[in-house]
Amino acid sequence: MATQKQKRTYSEPFKTTKFRVSYPNVFMPKTDDKGKDWYSIQMIFDKNDPFVKELVRTVKQVRDQHWGADYKGILDLGLRDGNEKYNADPEKNHMMKDKITLSAKCANKPVVVGRRREALISSVEFYGGCYAIAWLKAYTYEDKKSGVAFGLEGLQKVEDGDPFGAGSSIDPMKAFDNLEDGEDSPVDTSDPLGDLMS
């Protein structure tokens, strides 16, 4: 069921299945090119997840109720085929193969909880690469472009995962000295620009 409000059409709130978290800005907002702050997240779903078909039906329902089933204009329906990124750079985007992505945002800080509904308050706990479920609303918009987007209602982390972009090639036992209390690392007092100026 979709409802109309302030010239937009909204779906009823709905719950997702488990997805991989990407680009989570859910503790601190990011400012868009119009100066407005948004909390946001990208969600990565398996293409064969039955929820994806439900999601497509919801998007079509909101689209058709707002513009009509016979509308022929160009609309952005908010869903992205991960294979497009994978095919462009398989090595860099290997995690996007056979995936569907969507982005959701909200103006107010969303609720973010853990498995036992405890509040999560930092990106150490909720990060790109972990797994979560969300409550969303699909809604229509008309601006320079028109289409269907997703409002973020709340998030629950359900599982840890390998953090995106994590990892280091540094061996701390070789890279750092073992310092005693009150001891500082050796400091080179020479002029760092000396060689350039000579």
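Okay, so let's go over this structure. (Residues numbered from 1 in each chain as written. Predicted model: local features only at pLDDT ≥ 70, side-chain atom pairs only at ≥ 80, totals over all residues. Heavy atoms only, no water.)

At Tyr-23, a residue that is not glycine, the phi angle is positive and equals roughly 45 degrees. On the basis of relative accessible area, Tyr-23 is assigned to the exposed category, the value being 60%. Phi at Asp-98 takes a positive value of approximately 60 degrees, unusual for a residue other than glycine. Along the chain, Asp-98 turns up in the loop between α2 (82-88) and β7 (99-106). Judged by its relative accessible area of 41%, Asp-98 falls in the partly exposed class. (Buried < 20%, exposed > 50% of the residue type's maximum accessible area, 1.4 Å probe, protein only. Helix = DSSP H or I, 4+ residues; strand = E, 2+ residues; numbered from the N terminus.)

Its 18 residues place the ends of helix α1 (residues 50-67) 26 Å apart at the C-alpha level, agreeing with the 26 Å of an ideal helix rising 1.5 Å per residue. Among the residues making up α1, those that are buried are Phe-51, Val-52, Leu-55, Thr-58, Val-59, Val-62, His-66 and Trp-67. Mapping the buried residues of α1 onto a view down its axis gives an arc of 135 degrees, with all of them on the same face. In α1, the exposed positions that point more than 90 degrees away from the buried face belong to Pro-50, Lys-53 and Arg-57. With its phi angle positive at about 95 degrees, Gly-68 sits one or two positions after the end of α1. (Expected span 1.5 Å × (residues − 1). Arc of directions from axis to C-beta.)

The next subject is the packing of aromatic side chains. As enumerated under the stated definition, the model contains 5 aromatic pairs in all. On the basis of an interplanar angle of 40 degrees and a centroid distance of 6.3 Å, the ring pair of Phe-14 and Phe-51 is categorised as tilted. Taken as a pair, Phe-14 in strand β3 (residues 14-15) and Phe-51 in helix α1 lie far apart in primary sequence, 37 residues in all. Residues Phe-14 and Phe-51 agree in their burial class; the two are buried. Three or more aromatic residues joined by ring pairs make a cluster, and in this case those are Phe-14, Phe-19, Phe-45 and Phe-51. The aromatic ring of Tyr-131 is capped on one face by Lys-18, whose charged end is 5.2 Å from the ring centroid. Lying over the aromatic face of Trp-38, Lys-105 brings its terminal NZ or CZ to 4.1 Å of the ring centre. (Phe/Tyr/Trp six-rings, centres within 6.5 Å; stacked < 30°, edge-to-face > 60°. Lys NZ or Arg CZ within 6 Å of the ring centre and 35° of its normal.)

By the definition in use, this model includes 7 salt bridges. Note that Lys-47 and Asp-81 form a salt bridge whose closest N and O atoms lie 3.0 Å from each other. Taken together, the residues Lys-47 in the loop between β5 (37-46) and α1 and Asp-81 in strand β6 (residues 79-81) connect sequence positions 34 residues apart. Across the pair Asp-64 and Arg-63 runs a salt bridge whose closest N-O atoms are separated by 2.9 Å. (Salt bridge = Lys/Arg side-chain N within 4 Å of Asp/Glu carboxyl O.)

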